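Geometric and topological summary
Letter by letter, the chains look like this.
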Amino acid sequence: ASGSPQTVGLSGTGVTPAVSLSVSTLSFGSQLVGTTSVAKPVTLTNTGTGTLSISSIGASGDFGQTNNCGGSVAAGLSCTINVTFTPTATGTRTGTLTISDNASGSPHTVGLSGTGIAPAASVSPGTLSFSNQLVGSSSATQPVTLTNTGTATLSITSIAIGGTNAGDYAQTNNCDGSVSTEASCTINVTFAPTATGTRTGTLTITDNASG
């Protein structure tokens, strides 16, 4: 036909999302086993020109996360992922924050680390045996050493005498409610029998250590 070739001008703009994370690693330091840390934020920014579609956000190991990202982040906008650390054991603990999306380089990750700490209580000796004692009189004291062999402060709830003949025993101590790591305190026990014959009791220390 006359005027061939006939043409139509075409134009369009290519867009693509792009992910930028505020940090590449998060370190939580020391945290008591079984307790949850203060949250630390990771900011996710869509630095691209298209909408970022998020399929999943998750944290592995002893780490957890909450976020306000929803299922997508528009170009130029950001959202926040708050990560927490709850160690299940002592020592170095590691994990990964993983964001799966439609941007280049997915999944995007942040390395996570922290150290689990816990107190550990050791008592010495494990038993006390008192010599024959005149009924109604008090024996000399016998010491029990309480040592914190763990990696966190030992918090003491109570130190008490119990058992069948609890009233025949008494204790004083210098533990002051807590014992620092690798430190010790002393519990002094006395025996003042209220009747003849074998008399038994138990010294009980209640604290935040395992066991």
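This text follows the structure it describes.
Report on the accompanying structure.

Moving on: the sheet that holds strand S6 (residues 72–73). Read across the open sheet, the five strands follow the order S2-S9-S8-S4-S6; overall the sheet is mixed. Looking at which strands have only one partner, the edges of the open sheet turn out to be strand S2 (25–32) and S6. Two elements, strand S4 (residues 52–59) and strand S8 (residues 91–101), share five bridges in a ladder whose sense is antiparallel. Paired with glycine 58 across the strands is threonine 98, a residue of S8.

The next subject is the pattern of salt bridges. Evaluated as defined, the whole model comprises two salt bridges. Between aspartate 62 and arginine 93 there is a salt bridge; the shortest N-O distance is 2.7 Å. Linking aspartate 62 in the loop between S4 and strand S5 (63–67) with arginine 93 in strand S8, this pair joins segments that are 31 residues apart in sequence. The exposure class of aspartate 62 is buried, given its relative accessible area of 12%. Relative accessible area serves as the criterion here: at 24%, arginine 93 is assigned to the partly exposed category. Salt-bridge contacts for arginine 199 lead to aspartate 168; the nearest nitrogen and oxygen are separated by 2.5 Å. Taken together, the positions of arginine 199 in the loop between strand S15 (184–191) and strand S16 (202–207) and aspartate 168 in the loop between strand S12 (154–162) and strand S13 (169–173) put the pair 31 residues apart, joining distant regions of the chain. Of the two residues, arginine 199 and aspartate 168, neither departs from the other in class, the shared state being buried.

As a further point, take the nonpolar core. Leu44, Ile81, Val83 and Leu97 are the most contacted members of the largest nonpolar core, which has 20 residues in total. Going through the elements one at a time, S2, strand S3 (40–46), S4, strand S7 (78–85), S8 and strand S9 (108–117) are the ones with two or more residues in this core. In terms of residue count, S7 provides more of this core than any other element does, four residues in total. For leucine 44, the contacting residues outside a window of four places in its chain are Val19, Ser20, Leu21, Leu52, Val73, Leu77, Ser78, Cys79, Ile81 and Ile99.

Before going further, it helps to examine the environment of serine 124. Tracing the backbone shows serine 124 in strand S10 (residues 121–124). The contacts of serine 124, once residues within four sequence positions are left out, are Pro143, Val144 and Thr145.

Approximately 410 Å³ is the volume attributed to the largest pocket. Lining the largest pocket are 18 residues, with Gly126, Thr127, Leu128, Thr202 and Leu203 positioned closest to its centre. By residue number, the principal contributor to the lining of the largest pocket is S16, which donates four residues. Its residues assigned to classes, the lining of the largest pocket shows eleven nonpolar, six polar and one charged. Reported here for the second largest pocket is a volume of approximately 190 Å³.

Here three strands make up an open sheet; going across it, the order is S14-S12-S16 and the pairing antiparallel. The sheet is open, and its two borders are formed by strand S14 (178–179) and S16, each paired with just one other strand. The sheet contact formed by S12 and S14 spans two bridges and is antiparallel. When the bridges of S14 are listed, leucine 154 appears paired with valine 179.

Rules behind the numbers
- Residues numbered from 1 in each chain as written.
- Predicted model: local features only at pLDDT ≥ 70, side-chain atom pairs only at ≥ 80, totals over all residues.
- Heavy atoms only, no water.
- Pairing = 2+ DSSP bridges.
- Helix = DSSP H or I, 4+ residues; strand = E, 2+ residues; numbered from the N terminus.
- Salt bridge = Lys/Arg side-chain N within 4 Å of Asp/Glu carboxyl O.
- Buried < 20%, exposed > 50% of the residue type's maximum accessible area, 1.4 Å probe, protein only.
- Core = buried A, V, L, I, M, F, W, Y, C linked by side-chain atoms within 4.5 Å.
- Contact = heavy atoms within 4.5 Å.
- 1 Å grid on protein atoms, 1.4 Å probe; cavity = no way out; pocket = protein on both sides within 12 Å on 5 of 7 lines; lining within 4 Å.
- Points joined across faces, edges and corners; volume = space filled by probe spheres on them.
- Nonpolar A, V, L, I, M, F, W, Y, C, P; charged D, E, K, R; others polar.

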